[in-house]
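# Commentary on secondary and tertiary structure
Read off the chains here:
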Amino acid sequence: MAHVGVPRGTARKRRSVALLATGVLTLPVLAGCTSESEGPTSVAVPQDIAPASRDRVADGSTLTWAIDAVPATLNAYQADADSATTRITGALLPSLFPLDARGEPKLNPDYLESAKVIEQEPKQVVLYKLNQQAVWSDGREIGAPDFVAQWRALSGKDSAFWTARNAGYERIEKIERGKDDLQVRVTFSKPYADWRSLFSPLYPKEVTGSPGTFNDGARATLKNTAGPFRLRSVNKDKGTVVLDRNPRWWGNEAKLESLVFRAVEPKDRTDALTAGTVDVADIDATTANGIALAARYRGGSGGPPAHGPGADITPAAALRSWALAHGSDEEAAEAAQLAREKNREAVAVYAAEQKSLQGFVVRKSLEPAYTQLAMNGESGALSDDRVRRAIARTLDRQELADAVLKPLGLPAKPPGSHLALAGQPAYKDGSGALGDQDTKEAQALLADAGWTVGGAVRRTEDTKAGSEAEKKASGEATDKASAKATDKASEKPSAKATDKASEKAAEKEEKGEKGEDDKASREEGTYIVGDDKPGDGPAGTGVTAQDKGPAGAYAPAGTAAPAPASVKSRIGKGGKPLTLRFVLPSGPGSQPLRTVGQKIVEMLDAIGISTQITKVDDESYFKDHIASGDYDMALYSWPATAYPATDGRPIFSKPEPATDGSLLVEQNYTRVGSDHIDQLFDRAVSELDANASRDLLKQADARIWAAAGSIPLYQRPQLVAVDKKLANIGAFGFAAPRYEDIGFTGRQAAGSPANRKK
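Below or above, wherever it landed, is the structure these notes cover. (Residues numbered from 1 in each chain as written. Predicted model: local features only at pLDDT ≥ 70, side-chain atom pairs only at ≥ 80, totals over all residues. Heavy atoms only, no water.)

## Structural notes on the overall build of the protein chain
Applied cut-off: Here a strand is any run of E in DSSP of at least two residues, a helix any run of H or I of at least four, and the numbering for each starts at the N terminus. Only protein chains enter the accessibility calculation, which uses a 1.4 Å probe. A residue is then buried if its area is under 20% of the maximum for its type, exposed if over 50%, and partly exposed in between. For the accessible areas, the method is Shrake-Rupley and the probe is 1.4 Å, while residue cover comes only from the protein chains on display.
Counting its regular elements, the protein chain contains 22 helices and 22 strands. When burial is assessed residue by residue, the protein chain has 48% of its 758 residues classed as buried. Accessible area of the protein chain: about 35,900 Å², with a carbon and sulfur share of 50%.

Shown next, in the form of structure tokens:
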């Protein structure tokens, strides 16, 4: 699925545009949180972009790049900014510290000569020295006024600016001009380790200088830019955003004459590639397999094609068809000729499609984002960290990663950190704080929380043998017995007997009410994974119709029949099974999530945990279920970041109660957190020593693992269809594109299908 975005109104927004326990957490053997040795940083999967030196890339031509939709705004700091906003503004605006292939921020010499902390006491001061050639497209130099205007807009002090985040900017005390406008002194009121995250992208003061221009002026246009390209047009009707070369760009001239971003929905990407209307597109595994098949397609050589129409026609069948078409039976011949003509047309169309797809190659890497199993800890069974940890230790994360990544030929090592990915300097496997997959340990944790095998069986009150019916069947009683019986009959019922009768009546009434619930549940068609007979009882109760069935052959009247094996094997407490509502998206692009979800269901079912699967529309999945907390378990992704101390805190911070009784969760949609985790984030973001800050983040990650609200499962695959003649573009991984270096290695006439169509 796409990266999870942030709803409008969120106080902060994770920097990569896309996606409750309290107190001190009990950590299981915290010594296991640290690895045996620090060692070198794990090797990341390399980017796949067909790198080429600039002298091998032709000047001129147009590239068309597919995006999901024309962005609602070109202001990256607004709540409805998305991945298309990031991609487009990356070619138009200054980024002072773009990420390299290892996910580290690196100084961009196109905009900066230097930037460093020059003072730490009494306050942190950062001095930026700007490139003297750097100018906006109107000719004005990039300088201190642009920094000041952006700080004031994003500081959070003026609510008239509609901003999605202000992380870091609220720590700035003042910004001053240095020796000239090309030197910018930024003084912080509190130390800020992630200062490199600020002012990227940098907007001109004409945009950030007033609420009006900030809120509305940069949504549909950017008149002043400072990148290798400038904005020519935005056409929402045609679904295009067109950029052309910036004549005032002082760096290496862009190889492309123009860059077109075209709105193409993910489900239509294969058709767009086949039709030649795009040169580059993010794709799913199905489209990637289609391109791989096209590379093996053969046709027109006299033999049957490798696949597609006509591939299943054997030589004998072809000979029989020819004989029928040229036979003496005119009716049969006409039918055979018509069938052969239809087949020829289908083969020709398919061959043309395959020829178009043969012009593309699939560039693949691992996307800087991970998919997690999220467990909502706000209430219910999952509010107990022992239950969450038990579920986490039931999962075979390696099997889940293999299911998604191995068919694509990508490494399938499950992520070991919530705050960094393999290859980043801050990465360290902290999953030892939770522990490896271990069914016995999972069952022990559940038992410690009161959830046991067989606990789903409803216990009935013991019934004593010797009912009144049995007494009648015993024949005539002795006179003494009759007298006693008469005396006993004349006695008033005891208070205890009356209470018991009332309790039984209440039980019958309660069972009657539950029977209505049973009916509603059957009508809704709810299916509980782990129930052998869905519909026999209420969804999630684990109780079957046998609870009210006829008594056993040798049991007293009113005794319930033994619970079936399916209920006896369920994990439960007090007669109620442990049943969790697993919300999954239903759209065609979410098939990998559903595949992983089904495997998780099977793993939980194996130890007796029932799972109720609820499939919802992709559009409502995040807003109406994840963000609102309407789920027990869910799957969604978070993008990686170079600034985990800043960007990780709102995702894992402890929710705080609001005045109306609800929870303020920021982006912590699992509702699981602790004061200790918050304190570690606060210390890390204020620690200017990079190694010390990373150590604090690794401690925070260990405690996030132990809290078991979020379980990283696999790093997302990144698949990009690219015209074979294109260089320096594809699956970028962590790195930011260098737009000025992208281009064709041949002339436009021999270029992409998109250019031929135009």
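## Some points on the environment of glutamine 358
In this fold, glutamine 358 is placed in the loop between α8 (330-357) and β10 (360-375). What makes glutamine 358 partly exposed here is its relative accessible area of 26%. Placed 84 residues apart in sequence, glutamine 358 and threonine 274 show a C-alpha to C-alpha distance of 9.3 Å.

## Some words on the pairing of strand β17 (residues 633-639)
The cut-off we apply is this: Strands qualify as paired when DSSP identifies two bridges or more between them.
In terms of burial, β17 is largely enclosed, as seven of its seven residues are buried. Both faces of β17 are covered, namely the face carrying Met633, Leu635, Ser637 and Pro639 and the face carrying Ala634, Tyr636 and Trp638. Of the pairings in the sheet, the one linking β10 to β17 comprises seven bridges and is antiparallel in character. Following the sheet pairing, glutamine 372 is matched in β17 by tyrosine 636. Both strand β15 (residues 579-585) and β17 contribute to a ladder of two bridges, which runs parallel. The residue bridging valine 583 from the neighbouring strand is alanine 634, located in β17.

## Let's talk about the pattern of salt bridges
The condition that has to hold: Just to be clear on terms, a salt bridge is a Lys or Arg side-chain nitrogen sitting within 4 Å of an Asp or Glu carboxyl oxygen.
The final tally for this structure, using the stated rule, is 30 salt bridges. A salt bridge links glutamate 176 to lysine 174; the nearest nitrogen and oxygen atoms lie 3.7 Å apart. Of the residues examined, lysine 174 reaches a relative accessible area of 35% and is grouped as partly exposed. The shortest N-O distance in the salt bridge between arginine 649 and aspartate 682 comes to 2.7 Å. Separated by 33 residues along the polypeptide, arginine 649 in helix α19 (residues 649-652) and aspartate 682 in helix α20 (residues 675-685) bring together distant segments of the chain. Residue class for arginine 649 comes out buried when judged on its relative accessible area of 18%. Here the salt bridges share partners, and the residues they tie into one network are Arg54, Arg738, Glu740 and Asp741.

## Description of the sheet that holds strand β14 (residues 576-577)
If you trace the three strands from one edge of the open sheet to the other, you get β11-β13-β14, paired in antiparallel fashion. With partners counted over all chains shown, the strands left at the sheet margins are β11 (452-453) and β14, one partner each. Note: strand β13 (residues 571-573) against β14, two bridges, orientation antiparallel. When the bridges of β14 are listed, glycine 572 appears paired with proline 577.

## With respect to the pairing of strand β8 (residues 258-263)
On a regular strand, one side chain projects to one face of the sheet and the next to the other, so that they alternate. Examined bridge by bridge, strand β1 (residues 62-67) and β8 share six bridges and lie parallel to one another. Across the sheet, residue leucine 63 finds its bridge partner in β8, namely leucine 259. Sheet analysis places strand β7 (residues 240-245) next to β8, joined by five bridges and oriented antiparallel. Following the sheet pairing, leucine 243 is matched in β8 by leucine 259.

## A look at the side chain of aspartate 647
Structurally, the position occupied by aspartate 647 is in helix α18 (residues 644-647). Look at aspartate 647 and you get buried, because its relative accessible area is 2%.

## Brief notes about the packing of α20 against helix α21 (residues 690-707)
Rule in force here: Note on method: axes are straight lines fitted to C-alpha atoms, helices fitted across the in-contact stretch only, with angles between N-to-C directions ranging 0 to 180 degrees. Convention used here: angles under 35 degrees read as roughly parallel, angles over 145 as roughly antiparallel, angles from 65 to 115 as roughly perpendicular, and any remaining angle as oblique. Crossing handedness follows the turn of the near helix against the far one: under a right angle anticlockwise gives a left-handed crossing, and clockwise gives a right-handed one. What makes two residues a contact is simply this: any of their non-hydrogen atoms within 4.5 Å. Each residue gets one of three labels, nonpolar for Ala, Val, Leu, Ile, Met, Phe, Trp, Tyr, Cys and Pro, charged for Asp, Glu, Lys and Arg, and polar for the others, Gly among them.
Two elements in contact, α20 and α21, have axes whose closest approach is 8 Å; the angle formed by their N-to-C orientations is 165 degrees. As the angle between them shows, α20 and α21 are arranged roughly antiparallel. α21 is crossed by α20, and the crossing has left-handed handedness. Between α20 and α21, the residues in contact are His676, Ile677, Leu680, Phe681, Arg683 and Ala684 and Ser693, Leu696, Leu697, Gln699, Ala700, Arg703 and Ile704, respectively. For the contact of α20 with α21, the per-class residue count stands at eight nonpolar, three polar and two charged.

## Here we look at the environment of asparagine 166
Locating asparagine 166 in the fold gives a position in the loop between α2 (144-154) and β4 (172-177). Residues asparagine 166 and tryptophan 151, 15 residues apart in the sequence, show an inter-C-alpha distance of 9.0 Å.

## Some thoughts on helix α1 (residues 83-90)
Just so we agree on the cut-off: Arc, as used here, means the arc of the directions from the helix axis to the C-beta atoms. By the criterion applied in these results, polar contacts are pairs of N or O atoms within 3.5 Å in which, for protein atoms, one can donate a hydrogen and the other can accept it, and in which residues neighboring in sequence qualify only through two side-chain atoms.
Every buried residue of α1 is listed here: Ala84, Thr85, Ile88 and Thr89. The buried side chains of α1 occupy one side of the element, clustering within an arc of 120 degrees when seen end-on. Its side-chain oxygen placed 3.1 Å from the backbone nitrogen of alanine 84, aspartate 82 serves as the N-cap of α1.

## Some points on the sheet that holds strand β3 (residues 125-130)
Read across the open sheet, the four strands follow the order β2-β3-β5-β4; overall the sheet is antiparallel. Of all the strands in the sheet, the pair left with one neighbour each is β2 (112-119) and β4. Between one strand and the next, the sheet's axes are offset by a mean angle of 15 degrees, whatever the strand orientation. Two elements, β3 and strand β5 (residues 183-188), share five bridges in a ladder whose sense is antiparallel. Pairing of tyrosine 128 across the sheet is with valine 184, part of β5. Those strands touched by α2 are β3, β4 and β5, and its axis lies near 160 degrees from that of β4.

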